[in-house]
Amino acid sequence: MADDLPETLPQSLSESHALLRQLAQEKADFARRQREAEQAAAHERARAQHAEDEVERLKKALKDFVRRQQGRKSEQLDPDQYALGIDDIEENIARAEEAARNAKAGTGSARRAPRRNQGALPKDLPRYEVVIEPEHDSCPCCGGELHVIDETKTEQLDAEPAKVYVKVIRRPTYGCRSCEGAPVQAEAPASPVDGGLPTCGTVAQVLTAKYADALPLYRQAEMLARQGIDLDRSTLARWVGVAAHHLRPVHAELMRQVMASTKLFADETPAPTLEKGKPTTRQAYLWAYGRDDTPWNGLDPPAVVYRYATGRGQDHPAKHLKDFTGTLQVDGYRAYNAVAARRANGEIVLAHCWAHIRRPIYKLHANGNAPTATEALQWIARLYAIEAEIRRCDPETRRRVRQQKSKPLLDDFHAWLEARLRELSPKSDMAKALKPILTHWQALRVFLDDGRVELDTNSLERQMKPAAVQKKNFLFAGNTGGGHTWAIVLSLTQTCKLNGVDPQAYLADVLEQIVSGRAKTSDLPDLMPWNWAPAKADGQG
């Protein structure tokens, strides 16, 4: 306070009054500045709290999305319905957390940032180093020479646009100095497309981007244009069509091997196709047949094969399944019943899907005030709880546990259903939701006697997701040929994914083996994704 006193004291009463007024004004100014600082601090605290509240709100929304996708006791919803929403929520969470950190920095708070999975960098990923030296090479204290005593090392994920190259093929022509014989020159390597512009690797990249990553050809053309490569979408479409022609024998072999299985899943999804000469589309379908023995540790590798057809009638699956004998797990669509009825001596046994049968019940439950629907879902949830106990067990163990636990439960559920249906009006929504269970009762019970059978067809439903995403991006197949191309390439890319194989590497190598003539018909089994090993050959591309 001594520093705040004037150097000379007032000599008169008027000077004292003036000094008092000055001190009072300074005190008022100080109080005003203090109030303004407190108000600013309160504003920053409120801003920080708002940012934190926004983070919590978005996290709750994300949790709700995940619960709706993966909840065990509720009807699982199509993940495609939420994919874009989840992406937006994740982005908003990141922005809100950054705003919260900035606000906290403004108030001097040091709350620890939440721990999040930031990903891990594989050890075999190529690395380059950047060394950042201090601005000065001498000691800031005494000016002495500096030497390295330690270092801080951090790793960041860097990226650059996909590189394209020009592959120059030189074929020298040789002549003989001793005679005038014909010149000698190596044969030109086979090209996947007439004209030789793309390599097999380039075509494989286009196929993978379209059918594994749902990237339409016009977007791929735009991406290439950014690198100075001017290609029409129609040129890329021609490459895709020619590649699918080369891959037809591989697709046929995949179909043969899948149909040799004794238990399959089957499903179908619309595949809109442009009408020839018209600006409208007609409804065609992709029929999918999948093999997944992982729930009971079967030896056959997982696979899925798609077939394009112009309709949804029974003749299409009848044609596809003509060589299949065994158990077919389906969603209850009546065309499969007709196919099974055509085959003599029970060559095809249908097992229906509990996930599909419970969907109308779940809709009533979700609308609220439907205790009967809630109780029905609880019955079904008990079945799934038993399945969780025996997942990855051998088929005999699964069958035995189901006989001991699931069969009595189903018997009681059947009696409960009959009692409820006697109480309900046949025209009520609840009766309409419950009655199909009794209608398909025998097909819904097949899993009790066969440990290989799953409770639902969710395994194949997951393989329908790529087709759904592609439909959103492509809108339709350009023609019937495009529909068959869709089925061929999608079968191979999805089966690659199921077996942990890189689709681009697989397609590039298989195309090269086919167009070069090195792969014979007898080699087709070795070209299945689960058997595939990259060929070792010079000039491969």
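Preceding this paragraph is the structure being described.
Reading the values: the criteria
Residues numbered from 1 in each chain as written. Predicted model: local features only at pLDDT ≥ 70, side-chain atom pairs only at ≥ 80, totals over all residues. Heavy atoms only, no water. Pairing = 2+ DSSP bridges. Helix = DSSP H or I, 4+ residues; strand = E, 2+ residues; numbered from the N terminus. Axes fitted to C-alpha atoms, helices over the stretch in contact; angles between N-to-C directions. Phe/Tyr/Trp six-rings, centres within 6.5 Å; stacked < 30°, edge-to-face > 60°. Buried < 20%, exposed > 50% of the residue type's maximum accessible area, 1.4 Å probe, protein only. Lys NZ or Arg CZ within 6 Å of the ring centre and 35° of its normal. Salt bridge = Lys/Arg side-chain N within 4 Å of Asp/Glu carboxyl O. Parallel < 35°, antiparallel > 145°, perpendicular 65-115°, else oblique. Left-handed = near helix turned anticlockwise from the far one by under 90°. Contact = heavy atoms within 4.5 Å. Nonpolar A, V, L, I, M, F, W, Y, C, P; charged D, E, K, R; others polar. Core = buried A, V, L, I, M, F, W, Y, C linked by side-chain atoms within 4.5 Å.

Trainee: Describe the sheet that holds strand β6 (residues 326-330), naming the residues involved and giving the relevant values.
Mentor: Note: strands within a sheet are paired through backbone hydrogen bonds, in either parallel or antiparallel orientation. Reading across from one edge, β5-β4-β3-β6-β7 is the order of the 5 strands in this open sheet, with mixed pairing throughout. What marks the edges here is a single partner per strand, and that holds for β5 (303-309) and β7 (348-352). Each strand axis lies, on average, 30 degrees off the axis of its neighbour in the sheet, ignoring direction. When strand β4 (residues 281-291) meets β5, the two strands line up antiparallel, connected through 7 bridges.

Trainee: Summarise the packing of aromatic side chains; cite the residues concerned and give the values.
Mentor: The tally for this structure, following the rule as stated, stands at 9 aromatic pairs. Aromatic pair W379 and F413: ring centres 5.6 Å apart, planes at 20 degrees, arrangement stacked. One end of the pair, W379, is in helix α9 (residues 371-390); the other, F413, is in helix α10 (residues 395-423), and 34 residues separate them in sequence. On the accessibility criterion, W379 (14% relative accessible area) is buried. Assessed through its relative accessible area of 1%, F413 is described here as buried. Following the ring pairs from residue to residue traces out a cluster consisting of W354, W379, F413, W416 and W441. Seen from the ring of W530, R291 lies directly overhead, with NZ or CZ sitting 5.4 Å from the centre. The residue whose ring lies beneath R382 is W379, and the NZ or CZ to ring-centre distance is 4.9 Å.

Trainee: Tell me about the pattern of salt bridges, and name the residues and values.
Mentor: Considering all chains together, one arrives at 20 salt bridges under this definition. A salt bridge links E454 to R391; its shortest N-O distance comes to 2.9 Å. Highlighted residues: E454 in the loop between α12 (441-444) and α13 (458-474) and R391 in the loop between α9 and α10, separated in sequence by 63 residues. Under the relative-accessibility criterion, R391 is labelled partly exposed at 42%. The salt bridge partner of E396 is R399, with a shortest N-O separation of 2.9 Å.

Trainee: Describe the pairing of strand β3 (residues 263-274), with residues and values.
Mentor: β3 sits mainly inside the fold: 10 of its 12 residues count as buried. Relative to β6, β3 runs parallel, the two being bridged by 3 bridges. From the neighbouring strand, F265 faces β6, where its bridge partner is Q329. Looking at chain direction, β3 and β4 are connected through 10 bridges and run antiparallel.

Trainee: Quick one: what's the story with the packing of helix α3 (residues 200-211) against helix α15 (residues 503-515), residue by residue and with numbers?
Mentor: Across the interface, α3 lies against α15 with an axial gap of 8 Å and an inter-helix angle of 135 degrees. Our classification of the angle between α3 and α15 gives oblique. Handedness of the α3/α15 crossing: right-handed. Residues C200, G201, V203, A204, Q205, L207 and T208 of α3 pack against P503, Q504, L507, A508, L511, E512 and V515 of α15. Looking at the contact of α3 with α15, its residues break down into 9 nonpolar, 4 polar and 1 charged.

Trainee: Which residues make up the nonpolar core, and what are the values?
Mentor: Grouped together as the largest cluster of nonpolar side chains are 73 residues, with contacts concentrated most on L207, L328 and Y506. If you tally residues by element for this core, the top one is helix α5 (residues 233-259), at 11 residues. Residues in contact with Y506, not counting those within four places in the same chain, are V250, L492, C496, V501, L527, M528, P529 and W532.

Trainee: A description of unusual backbone geometry should follow, citing residues and the corresponding values.
Mentor: A positive phi is found at N369, a non-glycine position, where the angle reads about 55 degrees. Tracing the backbone shows N369 in the loop between α8 (354-366) and α9. Given the relative accessible area of 81%, N369 is considered exposed. Phi angles above zero are rare outside glycine, and R392 is one such case at about 75 degrees. When you line up the elements, R392 lands in the loop between α9 and α10.

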